[in-house]
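An overview of the molecular structure
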Amino acid sequence: MHLWRYKLSMRGYRAMILQHMIFCLLLIHRGAVSFPKVTVISKNSSKVVLQCESAGWYPEPELLWLDGEGNLLSAGPTETLRGPDDLYTVSSRVTVEKRHSNNITCRVQQRNTNQSRETHIHVPVPSWSLKLVLVPGLLAVFLSVLLTIHRWRVRILEHAEKEVMLKNPDV
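Residues numbered from 1 in each chain as written. Predicted model: local features only at pLDDT ≥ 70, side-chain atom pairs only at ≥ 80, totals over all residues. Heavy atoms only, no water.

**Let's talk about the side chain of Ser-91**
If you trace the backbone, Ser-91 turns up in strand β5 (residues 88-97). Setting aside chain neighbours within four positions, we find Ser-91 in contact with Gln-51, Cys-52, Glu-53, Leu-63, Pro-77, Thr-78 and Glu-79. (Helix = DSSP H or I, 4+ residues; strand = E, 2+ residues; numbered from the N terminus. Contact = heavy atoms within 4.5 Å.)

**Here we look at the packing of aromatic side chains**
Two aromatic rings, taken as a pair, are described by how far apart their centres are and by the angle between their planes. Scanning the entire structure with this criterion turns up 1 aromatic pair. Note on Tyr-58 and Tyr-88: the rings are 6.2 Å apart at their centroids and 20° apart in plane angle, and the pair reads as stacked. Pair noted here: Tyr-58 is in the loop between β2 (47-57) and β3 (62-66) and Tyr-88 is in strand β5, with a separation of 30 residues, a long-range link. (Phe/Tyr/Trp six-rings, centres within 6.5 Å; stacked < 30°, edge-to-face > 60°.)

**What to know about the sheet that holds strand β7 (residues 115-123)**
If you walk across this open sheet you meet the 3 strands as β3-β6-β7, and the pairing is antiparallel. For this open sheet the edge positions go to β3 and β7, each flanked by a neighbour on one side alone. Neighbouring strand axes in the sheet, compared pairwise and without regard to direction, differ in orientation by 15° on average. Sheet analysis places strand β6 (residues 102-110) next to β7, joined by 9 bridges and oriented antiparallel. Bridging across to β7, Cys-106 finds its partner in Thr-119. (Pairing = 2+ DSSP bridges. Axes fitted to C-alpha atoms, helices over the stretch in contact; angles between N-to-C directions.)

**A few points about the pattern of salt bridges**
Applying the stated criterion to the full structure yields 3 salt bridges. One salt bridge in this structure joins Arg-111 and Glu-62, with 2.5 Å as the shortest N-O distance. Of this pair, Arg-111 sits in the loop between β6 and β7 while Glu-62 sits in strand β3, and the two are 49 residues apart along the sequence. A salt bridge links Asp-86 to Arg-82, with the nearest nitrogen and oxygen atoms 3.5 Å apart. (Salt bridge = Lys/Arg side-chain N within 4 Å of Asp/Glu carboxyl O.)

**Some remarks on the sheet that holds β5**
Across the sheet, 4 strands lie side by side as β1-β2-β5-β4; this open sheet has antiparallel pairing. With partners counted over all chains shown, the strands left at the sheet margins are β1 (37-43) and β4 (79-82), one partner each. With strand direction ignored, the average angle separating the axes of adjacent strands in the sheet is 20°.

**Describing the confidence of the model for the protein**
When pLDDT is averaged along the protein, the result is 81; 75% of the residues meet or exceed 70. Low pLDDT, under 50, characterises residues 6-16; the stretch is placed with 5 contacts to residues that sit more than four places away or in other chains. Contacts for the low-pLDDT stretch residues 24-30, under 50 throughout, to residues beyond four places or in other chains number 10 contacts. (pLDDT = per-residue confidence, 0-100.)

**Remarks on the pairing of β5**
Note that β2 and β5 share 9 bridges and pair antiparallel. Considered in β5, the bridge of Cys-52 is made with Ser-92. In terms of strand pairing, β4 meets β5 through 4 bridges, oriented antiparallel. Pairing of Thr-80 across the sheet is with Val-90, part of β5. Where β4 folds back on β5, the antiparallel hairpin that results is connected by 5 residues, among which Asp-86 adopts a positive phi of roughly 65°.

Next comes the structure, spelled out in structure tokens:
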């Protein structure tokens, strides 16, 4: 990185140059962090294990798991690795149950620099549990339609019988 050459006439500006260099380094460093990467580690019929990882942080950040309402989820311990470049990589795992509209957020934040990155993932409901909700609902709608048609036909027959009785009282 080459900013400019220092000249003797610039002595009064040394503090300003140093501040400018630190500011530039902070800007370069701030852009180096990665967005958290969320991957599915394992899943079964009712639960999913997710892993979140993010690299390029300094100082050491914290990693949080949040549910769809922004509440903290209980997760395993955060693993922190410090690389040869003194930058931190953090990762953590969480186990979540598959539920309707299950949105999970992995947030990595550094409070000292007010820096934060997050990634959202939707954990889908298992297809069999969706069927457990849809099948009875559709069955109820179908039975309601059949019952309505039956009542309508009974009323038509009763009305027809009354008309016949009124026209032919002898029958």
